[in-house]
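The lines below spell out each chain.
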Amino acid sequence: HDNISSFSGNASKELKEGENLAVCSSGSHASLNNTPTLAFPSISTSDFQFNLEKASDIIVEVVEEYVNKLGSARLVLVDVSHKSKILSLVKTKAAQKNIELNKFFTFVGDITKLYSEGGLRCNVIANAANWRLKPGGGGVNAAIFNAAGPALEIATKEQAQSLHPGKAVVVPLPSTSPLFSREGVTHVIHVLGPNMNQHRPNCLNNDYIKGCQILREAYTSLFEGFASIIR
Ligand code: AR6
């Protein structure tokens, strides 16, 4: 498992080298590829303007609670930039809690291209959604709906029409979606986080008591949804 520690927060090139190493040294390449893996963005910390310190505490807290419940499955926090503040905060706090790097790590990349561009296989990805579960609106929501094509919008409608803050909905992705065929993503889990942005619906007006509760509930719903898929 030494290979995996080199994955954390590193460029895709290093990840590929890590995987190659696994093939050569122990033949564990296949098992690594088949490991159920949830890639998720940091919910609410960009367009919804949630405080990064508070969000990073909550991510590490809920991840710590779930890593052992999930068996050999992996959780991966993803962001697009090497300069991502949330990734570095979470990485530092997870290391302080001695969370195993083969169960949870951070990764820099576009969540819609993790396999094709990053060499990281994730069978499930999470989306920081809006309450209407609609495409567009920017951020990771727009990226995921664009990459998945119309199949995701149709499949989403079959599961739910809207979402309450703190809740998640699991959507099986049709095999016709490019996200399925190209990236190996079989499910998208939409999550609605707490909103601190006055220009968006359900703004909490800086009420971080409620906000932290809702963010904790959002990650719990997300990891429960992932658990239900791999069970
Ligand atoms: N891959 C990985 N991470 C990404 C990507 C990507 N392609 N794009 C953005 N991120 P945000 P929120 C990161 O704003 O704050 C939408 O318009 C980003 O850097 O997408 O929960 C919805 O429709 C950040 O760390 O979600 C909602 O209305 C994280 O994803 C609203 O924004 C979340 O940023 C939700 O706002």
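Residues numbered from 1 in each chain as written. Predicted model: local features only at pLDDT ≥ 70, side-chain atom pairs only at ≥ 80, totals over all residues. Heavy atoms only, no water.

1. Concerning empty space enclosed by the protein
Working step 1: Scanning the model with the defined rule gives one cavity of 30 Å³ or more in all.
Working step 2: The calculated volume of the largest cavity comes to roughly 40 Å³.
Working step 3: What lines the largest cavity is Ile111, Leu114, Tyr115, Leu120, Cys122, Ile125, Glu183 and Val185.
Working step 4: The residue inventory of the lining of the largest cavity, partitioned by class, reads seven nonpolar, no polar and one charged. (1 Å grid on protein atoms, 1.4 Å probe; cavity = no way out; pocket = protein on both sides within 12 Å on 5 of 7 lines; lining within 4 Å. Points joined across faces, edges and corners; volume = space filled by probe spheres on them. Nonpolar A, V, L, I, M, F, W, Y, C, P; charged D, E, K, R; others polar.)

2. Regarding the site of the ligand
Working step 1: Contacts to the ligand come from 24 residues, most closely from Ser44, Asp47, Asp79, Gly137 and Val140.
Working step 2: For the ligand, an oxygen atom lies 3.5 Å from a polar atom in the backbone of Thr45.
Working step 3: Contact with the protein chains removes 90% of the 710 Å² of surface that the ligand exposes when unbound.
Working step 4: When atoms are counted within 2 Å of each cavity's grid points, the one that captures over half of the ligand is the largest pocket. (Near = heavy atom within 4 Å. Polar contact = N/O pair within 3.5 Å; in protein donor to acceptor, adjacent residues only side chain to side chain. Areas by Shrake-Rupley, 256 points an atom, 1.4 Å probe, with all protein chains shown as cover. Sits in = over half its atoms within 2 Å of the grid points.)

3. Notes on the pairing of strand S1 (residues 37–41)
Working step 1: Buried residues dominate S1, accounting for five of its five residues.
Working step 2: Of the two faces of S1, the one lined by Thr37, Ala39 and Pro41 and the one lined by Leu38 and Phe40 are each fully buried.
Working step 3: Looking at chain direction, S1 and strand S2 (residues 74–79) are connected through five bridges and run parallel. Within the sheet, the bridge partner assigned to Leu38 lies in S2 and is Leu75.
Working step 4: In the sheet, S1 pairs with strand S4 (residues 124–128) via two bridges, with the strands oriented parallel. Each residue of the ladder has a partner; that of Ala39, found in S4, is Ile125. (Buried < 20%, exposed > 50% of the residue type's maximum accessible area, 1.4 Å probe, protein only. Helix = DSSP H or I, 4+ residues; strand = E, 2+ residues; numbered from the N terminus. Pairing = 2+ DSSP bridges.)

4. Here we look at the side chain of Lys103
Working step 1: Inspection of the secondary structure assignment puts Lys103 in the loop between helix H5 (85–96) and strand S3 (104–108).
Working step 2: Since its relative accessible area comes to 15%, Lys103 is described here as buried.
Working step 3: Residues within four places of Lys103 in sequence aside, it is in contact with Val67, Asn68, Gly71, Ala73, Arg74 and Leu75. (Contact = heavy atoms within 4.5 Å.)

In short, geometric facts, not functional conclusions.
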